[in-house]
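Spelled out, the chains give:
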Amino acid sequence: MKYFITTYGCQMNVHESEKIAGMLVDIGYSSASSYEDADIIVFNTCCIRDTAEKRAFGNIGALKSLKRTHPDKIIVVVGCMTQQKGGAEALAAKFPFVDIILGTNSLDRLPILVQEKRIRKTVISVASDPTVDLSLELPIYRTSGTNAWINIMYGCNNYCTYCIVPYVRGRERSRAIGDVIADVKQVLSEGYKEITLLGQNVDSYGSDLQDGTNFALLLKEISAIPGKFRLRFMTSHPKDFDREVIDVIASSNNICHNIHLPIQSGSNEILRRMNRKYTVEQYLSIVDYIKEKMPDVGITSDIMVGFPGETEEDFLETCDLVRKVRFSNAFTFIYSPRKGTPAASMEQIPSDVKKSRITRLVKLQNDITKELSDEYLGNTYEILVEDVNPKYPGTVCGRTDSGRLVTIKGEPSLIGSFLDVKITKSRSASLFGEILSKGE
Ligand code: 5AD
Ligand code: SF4
């Protein structure tokens, strides 16, 4: 028996799909290569933006005829879309051929529901309160090569006015530091070379535990574990990303100098209405401190255009900020209203204005990324080989400590090794290099 999982959205979801796979492997399933080949088809959905939601709707809908010809295939929808208010019921009404709809808070029920699933009606299981500590209780079938994801916390308390996450993922819950460290030691013993700590707001890790634990302490403890590995984390919130954490990163030799620090907007008025709780000046002072302590840092960001009421001046301030910080890369988004969030009922701005702004922002960031790429030319960096680069046969690729992807000639057997690589060519965001020496 085989399973096929389609994942939408962020790294948290990618990792959650590893847990779904782990549960299915545990009850005797193995991975399939297509819908046709699978006995159970899982859609792990995301509702953070309407693009992700539309894609999931389209893909689920497209399975209607497959289900008609193969009624024994079990179709499961999980993830954030099911956890929205009324979301599960809406999905069941729109796609009556779906067998199981499972909320993020009830993911652990999947095996039992799959094994019981011999009835015709859609089974909906969505709990409003998160009860299970997913990563403690669920088996994980890791799929991300050299990197192992580890959740350090769930949920978010921030209520940015555009964001649906706190409504579908609940309040912040940190995992005990001992459990996180045990997971880290476990994946290192399995041979993983990179660990990425996951949370919606990793900087507030520990604040709900009230035992003095905080993110800086967690980083310090993990960083001190013997062995050659890299440590990454995401996502940080500028209001909580403090100097203590920056000092820990700067003084460690295995926490990557690659920081994802979403700014969202470069206008103080928009930031205020987004409920982000920092100003552009505060953000820039954190960036200055990071750059002072780690001149080789790669800072990436999330930036949104078209938030309700964003004027051309507000947008130009965002462009100004992008020019000042010079992000190594940025995820740029068009704001999309999310039902039930405060910003959804504010006055919206026209979609052609949003489109013009995103085009200009993407061009600006691409130019900066290209300029920064050129600065890598001729220098040598340690990279961790992650995968083959399917675009160029006979090559593999890996990241610098600062997070830039480098392609080199080489065999798949290099995956998992650290190499010193000299950068010989840059093409917009892509870097190409040659191997100087093989590390550990
Ligand atoms: N519309 C567009 N982008 C959004 N994001 C979150 N909510 C929305 C929304 N309603 C973006 C933010 C966040 C990233 C994960 O997704 O930039 O940092
Ligand atoms: Fe959403 Fe803001 Fe929480 Fe990030 S910090 S998940 S943008 S509410």
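The model shown is predicted, which means the values in this text are computed figures rather than measured ones.

1. Let's talk about the sheet that holds strand S13 (residues 298-305)
On the basis of which strands lie adjacent, the open sheet formed by three strands has the order S12-S13-S14 and parallel pairing. At either margin of the open sheet sits one strand with a lone partner, and together these are strand S12 (258-260) and strand S14 (329-334). Averaged over all adjacent pairs, the angle separating strand axes in this sheet is 15°, with direction ignored. By the bridge criterion, six bridges tie S13 to S14 in an arrangement that is parallel. When the bridges of S14 are listed, Asp302 appears paired with Phe331.

2. Notes on the domain arrangement of the protein chain
In terms of domain boundaries, the protein chain breaks down into domain 1 (2-125), domain 2 (147-372) and domain 3 (380-438). Distance from the C-alpha centre of domain 2 to the C-alpha centre of domain 3: 26 Å. Between domain 2 and domain 3, the residue contacts involve 17 residues of the former and 13 residues of the latter. Summed over both partners, the interface of domain 2 with domain 3 buries about 1,200 Å², with 48% contributed by carbon and sulfur atoms. The interface formed by domain 2 and domain 3 includes one salt bridge. Between Lys228 and Glu382 there is a salt bridge, with its nearest N and O atoms 2.8 Å apart. No other element matches the three residues that helix H15 (residues 351-376) contributes to the side of domain 2 that touches domain 3. By residue class, the composition of the side of domain 2 that touches domain 3 is five nonpolar, five polar and seven charged.

3. Remarks on the packing of aromatic side chains
This model, assessed by the stated rule, comprises 12 aromatic pairs. Taking the centre distance of 6.0 Å and the plane angle of 50° together, the rings of Tyr35 and Phe43 count as tilted. Seen from their ring centres, Tyr278 and Tyr283 are 6.3 Å apart, and the 35° between their planes marks the pair as tilted. Take Tyr278: its relative accessible area is 5%, and that puts it in the buried class. Three or more aromatic residues link up through ring pairs in this structure, and these residues are Phe4, Tyr35 and Phe43. Arg404 extends its terminal NZ or CZ atom over the ring of Tyr376, reaching a point 5.3 Å from the ring centre. The positively charged end of Lys425 is found above the aromatic ring belonging to Phe432, 4.9 Å away from the centroid.

Criteria and cut-off values
- Residues numbered from 1 in each chain as written.
- Chains lettered and ligands numbered in written order.
- Predicted model: local features only at pLDDT ≥ 70, side-chain atom pairs only at ≥ 80, totals over all residues.
- Heavy atoms only, no water.
- Pairing = 2+ DSSP bridges.
- Helix = DSSP H or I, 4+ residues; strand = E, 2+ residues; numbered from the N terminus.
- Axes fitted to C-alpha atoms, helices over the stretch in contact; angles between N-to-C directions.
- Domains from an automatic or database assignment.
- Contact = heavy atoms within 4.5 Å.
- Buried area = accessible area lost by both parts, 1.4 Å probe.
- Salt bridge = Lys/Arg side-chain N within 4 Å of Asp/Glu carboxyl O.
- Nonpolar A, V, L, I, M, F, W, Y, C, P; charged D, E, K, R; others polar.
- Phe/Tyr/Trp six-rings, centres within 6.5 Å; stacked < 30°, edge-to-face > 60°.
- Buried < 20%, exposed > 50% of the residue type's maximum accessible area, 1.4 Å probe, protein only.
- Lys NZ or Arg CZ within 6 Å of the ring centre and 35° of its normal.

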